[in-house]
Amino acid sequence: MTLITYVDQLLHVISALPLQDPTGVPVGPVPNPGGGVAPPGVADKVLTLLQWVAYLATAACVAGVIFTAAKMALSHRRGDDTNISQLGWVFAACVLIGSASAVVSALI
């Protein structure tokens, strides 16, 4: 039996157990709130805030690429090439920022 099948069976058994409150009285299943609903008047403000954060994060990515490229140019002139990994991290950050909503949607 693999670990994945063992955990799957364990979760199946646990989900079938009746829930009880601290006094021992059985209660119903745990409610699933789904994606949730924003309170009235808040959704537009949160969306505006997220748009600002996304704009600033994109600007930081562009600045990171420019800064790393400048460091690489100066290092190449001195005969050093150690900034390639830093450029990889900047590109990884760009990919995460660009796909943030898709990543979160996939995890929820």
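Our subject is the structure that appears above.
These lines cover the structure that appears in this document, whether it is placed above or below. Within each chain, residues carry numbers counting from 1 in the order of the written sequence. Side-chain atom pairs in this predicted model are given and counted only at pLDDT of 80 or more, local residue features only at pLDDT of at least 70, and totals for whole chains, interfaces and linings cover all residues. Side-chain numbers here rest on the full set of heavy atoms in the structure, without hydrogens or water.

## Observations regarding the overall build of the protein chain
(1) Moving on: Each helix corresponds to a stretch of at least 4 residues labelled H or I by DSSP, and each strand to a stretch of at least 2 residues labelled E; elements are numbered beginning at the N terminus. Along the protein chain, the regular secondary structure elements total four helices and two strands.
(2) Moving on: Taken from the N to the C terminus, the helices and strands of the protein chain come in the order α-β-β-α-α-α.
(3) Moving on: Excluding contacts between residues fewer than 6 apart, the proportion of contacts in the protein chain whose partners are at least 24 apart in sequence is 30%.
(4) Moving on: Counting every atom, the protein chain has about 9,200 Å² of accessible surface; 72% of that belongs to carbon and sulfur. Here, two residues are considered to be in contact whenever any of their heavy atoms come within 4.5 Å of each other. For the area figures, the Shrake-Rupley method with a 1.4 Å probe applies, and any residue is considered shielded solely by the protein chains shown.

## Concerning the packing of helix α2 (residues 43-78) against helix α3 (residues 84-98)
(1) Moving on: The axes are straight lines fitted to the C-alpha atoms, using for helices just the contacting stretch, and the angles between their N-to-C directions are given from 0 to 180°. Relative to each other, α2 and α3 sit at 165°, their axes nearing to 10 Å. Viewed along their axes, α2 and α3 adopt a mutual orientation that is roughly antiparallel. Considering the relative orientation of α2 and α3, their crossing is left-handed. Residues Ala57, Cys61, Gly64, Val65, Phe67, Thr68, Lys71 and Met72 of α2 form the contact with α3, whose participating residues are Ile84, Gln86, Leu87, Val90, Phe91, Ala93, Cys94 and Ile97.
(2) Moving on: Gly falls in the polar group here, along with every residue not listed as nonpolar (Ala, Val, Leu, Ile, Met, Phe, Trp, Tyr, Cys, Pro) or charged (Asp, Glu, Lys, Arg). Looking at the contact of α2 with α3, its residues break down into 12 nonpolar, three polar and one charged. Orientation labels follow simple angle bins: below 35 degrees gives roughly parallel, above 145 gives roughly antiparallel, 65 to 115 gives roughly perpendicular, and whatever is left gives oblique. In this scheme the handedness of a crossing depends on how the near helix is turned from the far one: anticlockwise by less than a right angle means left-handed, clockwise means right-handed.

## A look at the side chain of Thr68
(1) Moving on: By secondary structure assignment, the location of Thr68 is in helix α2.
(2) Moving on: Using a 1.4 Å probe on the protein chains alone, a residue whose accessible area is under 20% of its type maximum counts as buried, one over 50% counts as exposed, and one in between counts as partly exposed. With a relative accessible area of 1%, Thr68 lands in the buried category.

## Focus: a nonpolar patch on the surface
(1) Moving on: Each patch is built from salt-bridge-free residues with over 30% relative accessible area, joining like charges within 9 Å and nonpolar side chains (Val, Leu, Ile, Met, Phe, Trp, Tyr) within 5 Å. What makes a salt bridge here is a side-chain nitrogen of Lys or Arg within 4 Å of a carboxyl oxygen of Asp or Glu, nothing more. A contiguous nonpolar patch, built from Leu3, Tyr6, Val7, Leu10 and Leu11 and spanning about 500 Å² of accessible area, is present on the exposed surface.
(2) Moving on: Considering the arrangement of structural elements, one finds Tyr6 in helix α1 (residues 3-16).

## What about α2?
(1) Moving on: Counted at 1.5 Å a residue, the expected span for α2 with its 36 residues is 52 Å, and the 52 Å between its end C-alpha atoms agrees.
(2) Moving on: For α2, the complete set of buried residues consists of Ala57, Cys61, Gly64, Thr68 and Ser75.
(3) Moving on: Packing partners of the buried residues in α2 comprise α3.
(4) Moving on: Gly79, located one to two residues past α2, shows a positive phi value of around 90°. An expected span of 1.5 Å times one less than the residue number is assigned to each helix.

## Quick word on the side chain of Ser75
(1) Moving on: Relative to the assigned elements, Ser75 resides in helix α2.
(2) Moving on: In this structure Ser75 touches Asp80 and Asn83, once residues within four positions along its chain are discounted.

## Details of the environment of Trp89
(1) Moving on: If you trace the backbone, Trp89 turns up in helix α3.
(2) Moving on: As for Trp89 and Gly64, which are separated by 25 residues in sequence, their C-alpha atoms are 9.7 Å apart.

## Topic: the environment of Ser85
(1) Moving on: Mapping Ser85 onto the fold places it in helix α3.
(2) Moving on: Given the relative accessible area of 48%, Ser85 is considered partly exposed.
(3) Moving on: Sequence spacing of Ser85 and Thr68 is 17 residues, and the spatial spacing of their C-alpha atoms is 9.9 Å.

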